[in-house]
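Observations on the model geometry
Listed below, chain by chain, are the residues.
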Amino acid sequence: MSDRVRQGRDESEEERADRMWSDLIQEVRVTQTGVQILFGFLLTVVFQQKYAELSGTDHTIYIVTVVLGAAATGALIGPVSLHRLVSGRRVKPQAVRLASALTQVGLFLLLATMASALVLILRVATGDSRIAWVVAGVVVWYLVCWYALPLWSRRRHTTR
């Protein structure tokens, strides 16, 4: 037996696609739940009495937030539909790449939805025009958690 350390996995392209698909679907389940709950709450706002009291700017922010939430929901549910429509067609590696791209778009749209919702909530709750700094801080936090740390880890720990 060799003293050489084995690197990587001994798997075919199809096995790798199966594994990656399974990982992706688990990741999407987490984000789907969050975005669907957020979207559901957003849909109820328009039926509250206070909605009529919002300024025109706040109405616009609300509409943008709902549209972003709907778009995020579509992108994050997209991989499930993709899998159903291409299942058994021997295109899993391509489907995994497309589903991964949809998930990335969905995560970006979720970030935009969260930022927009935060702007609206803080405007209504505080009436303070300086909330942009708080929202910017939260967006930076999301960017660090969702992109900067994973990209740093990928760069630091990926073997050539």
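To keep things clear, this report deals only with the structure shown in the data block. (Residues numbered from 1 in each chain as written. Predicted model: local features only at pLDDT ≥ 70, side-chain atom pairs only at ≥ 80, totals over all residues. Heavy atoms only, no water.)

1. Describing the overall build of the protein chain
- Helices and strands together make up the secondary structure of the protein chain, namely 4 helices and 0 strands.
- Moving toward the C terminus, one meets the helices and strands of the protein chain in the order α-α-α-α.
- Computed over its C-alpha atoms, the radius of gyration of the protein chain comes to 20 Å, more than 25% above the 15 Å expected for a compact globule of 160 residues.
- With the C-alpha coordinates aligned to their principal axes, the bounding extent of the protein chain is approximately 75 × 35 × 15 Å.
- In the protein chain, which comprises 160 residues, the share counted as buried stands at 29%.
- A separation threshold of at least 6 residues defines the contact pool for the protein chain, and within that pool the share at least 24 residues apart is 76%.
- For the protein chain, the accessible surface area stands at approximately 11300 Å², while carbon and sulfur atoms represent 61% of it. (Helix = DSSP H or I, 4+ residues; strand = E, 2+ residues; numbered from the N terminus. Rg over C-alpha atoms; globule rule 2.2 N^0.38 Å. Buried < 20%, exposed > 50% of the residue type's maximum accessible area, 1.4 Å probe, protein only. Contact = heavy atoms within 4.5 Å. Areas by Shrake-Rupley, 256 points an atom, 1.4 Å probe, with all protein chains shown as cover.)

2. A few points about the packing of aromatic side chains
- Taken as a whole and assessed by the stated rule, the structure comprises 2 aromatic pairs.
- Taking the centre distance of 5.3 Å and the plane angle of 70° together, the rings of tyrosine 51 and tyrosine 62 count as edge-to-face. Residue tyrosine 51 is found in the loop between α1 (13-45) and α2 (56-86), and its partner tyrosine 62 is found in helix α2; the two are separated by 11 residues along the sequence.
- On the basis of relative accessible area, tyrosine 51 is assigned to the buried category, the value being 16%.
- Measuring from centroid to centroid gives 4.9 Å for tyrosine 142 and tryptophan 146, while their planes differ by 15°, and the two rings are stacked. Residue tyrosine 142 and its partner tryptophan 146 are both found in helix α4 (residues 131-157); the two are separated by 4 residues, about one turn of the helix.
- Classification of tyrosine 142 by relative accessible area gives buried; the value is 16%. (Phe/Tyr/Trp six-rings, centres within 6.5 Å; stacked < 30°, edge-to-face > 60°.)

3. Some thoughts on the packing of helix α3 (residues 92-126) against α4
- Two elements in contact, α3 and α4, have axes separated by 10 Å at closest approach and are oriented at 155°. Taken together, the axis directions place α3 and α4 in an arrangement best described as roughly antiparallel. In the crossing of α3 with α4, the sense of the turn from one axis to the other is right-handed. Contact with α3, carried on its side by Gln104, Leu107, Phe108, Leu110, Leu111, Met114, Ala115, Leu118, Val119, Leu122, Arg123 and Thr126, involves Ile131, Val134, Val135, Val138, Val139, Tyr142, Leu143, Trp146 and Tyr147 of α4 and no other residues of that element.
- Looking at the contact of α3 with α4 residue by residue, the class counts come to 18 nonpolar, 2 polar and 1 charged. (Axes fitted to C-alpha atoms, helices over the stretch in contact; angles between N-to-C directions. Parallel < 35°, antiparallel > 145°, perpendicular 65-115°, else oblique. Left-handed = near helix turned anticlockwise from the far one by under 90°. Nonpolar A, V, L, I, M, F, W, Y, C, P; charged D, E, K, R; others polar.)

4. What about the environment of glutamine 26?
- In this structure, glutamine 26 sits in helix α1.
- Considered as a pair, glutamine 26 and histidine 59 are 33 residues apart in the sequence and their alpha carbons are 35 Å apart.

Interpretation in functional terms is not warranted from these geometric data alone.
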